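# Inside the fold
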Amino acid sequence: MQATPATSALTTLAVLEVTVQPDHEDQMVDFLMGRLPGIRFSRYQINLHGQPEAGLSLREQVLGSTRRSVFSVQAESALLMELAADLQQGAVAFPLQYRVLPLLQAGEYLPR
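Residues numbered from 1 in each chain as written. Predicted model: local features only at pLDDT ≥ 70, side-chain atom pairs only at ≥ 80, totals over all residues. Heavy atoms only, no water.

In terms of regular secondary structure, the protein is built from three helices and four strands. Buried residues in the protein amount to 29% of all 112 residues. Entry remark: accessible area of the protein is about 7,700 Å², with carbon and sulfur atoms responsible for 53%. (Helix = DSSP H or I, 4+ residues; strand = E, 2+ residues; numbered from the N terminus. Buried < 20%, exposed > 50% of the residue type's maximum accessible area, 1.4 Å probe, protein only. Areas by Shrake-Rupley, 256 points an atom, 1.4 Å probe, with all protein chains shown as cover.)

So, in structure tokens, the structure goes:
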């Protein structure tokens, strides 16, 4: 059984990662779906460790971590930079952290 060679290319793509409190997850989904029609994104839960105690619930202080939802979007870097600028200017009404990372190479492997 032979596999189809992997395809890859240097890209002009980037990845936008946005981190929000779980309470704001649905609002972030709505925001991204409205701003990026036709573009898929993923979300996943993380536990942050080593956070300052200020602003943490008693449960989070006892556990030593806090939960967050992370959204990851892969698209053209110019589009994601625009979206990041809007987030920085308060496009949503809840706290978040974001970063735009260059995607140097992307591809896929399709076994036959």
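Text resumes after the structure shown.
A word on the nonpolar core. Judged by nonpolar contacts, the single largest core of 18 residues is most densely connected at Val-18, Met-28, Leu-32 and Leu-96. Apart from residues no more than four positions distant in its own chain, Leu-96 is found in contact with Val-18, Thr-19, Val-20, Met-28 and Leu-87. (Core = buried A, V, L, I, M, F, W, Y, C linked by side-chain atoms within 4.5 Å. Contact = heavy atoms within 4.5 Å.)

Right, let's get into the packing of helix 1 (residues 25-35) against helix 3 (residues 77-88). Relative to each other, helix 1 and helix 3 sit at 135 degrees, their axes nearing to 12 Å. With respect to each other, helix 1 and helix 3 are oriented oblique. Note on packing geometry: the crossing formed by helix 1 with helix 3 is right-handed. Facing Met-28, Phe-31, Leu-32 and Arg-35 of helix 1, the residues of helix 3 in contact are Leu-83, Asp-86 and Leu-87. Its residues placed into classes, the contact of helix 1 with helix 3 shows five nonpolar, no polar and two charged. (Axes fitted to C-alpha atoms, helices over the stretch in contact; angles between N-to-C directions. Parallel < 35°, antiparallel > 145°, perpendicular 65-115°, else oblique. Left-handed = near helix turned anticlockwise from the far one by under 90°. Nonpolar A, V, L, I, M, F, W, Y, C, P; charged D, E, K, R; others polar.)

Our next topic: the packing of aromatic side chains. Tallied over the entire structure, the rule returns one aromatic pair. An angle of 50 degrees between the planes, with centres 6.2 Å apart, marks the rings of Phe-41 and Phe-71 as tilted. With Phe-41 in strand 2 (residues 41-49) and Phe-71 in strand 3 (residues 65-76), the pair connects residues that are 30 residues apart, well separated along the chain. The class for Phe-41 is partly exposed, based on a relative accessible area of 25%. (Phe/Tyr/Trp six-rings, centres within 6.5 Å; stacked < 30°, edge-to-face > 60°.)

For the rest of this paragraph, the subject is helix 1. Every buried residue belonging to helix 1 is among Glu-25, Met-28, Val-29, Phe-31 and Leu-32, and all of these are buried. Projected onto a plane normal to the axis of helix 1, the buried residues spread over an arc of 165 degrees and lie on a single side. Relative to its buried face, helix 1 has exposed residues pointing more than 90 degrees away, namely Asp-26, Asp-30, Met-33 and Gly-34. (Arc of directions from axis to C-beta.)

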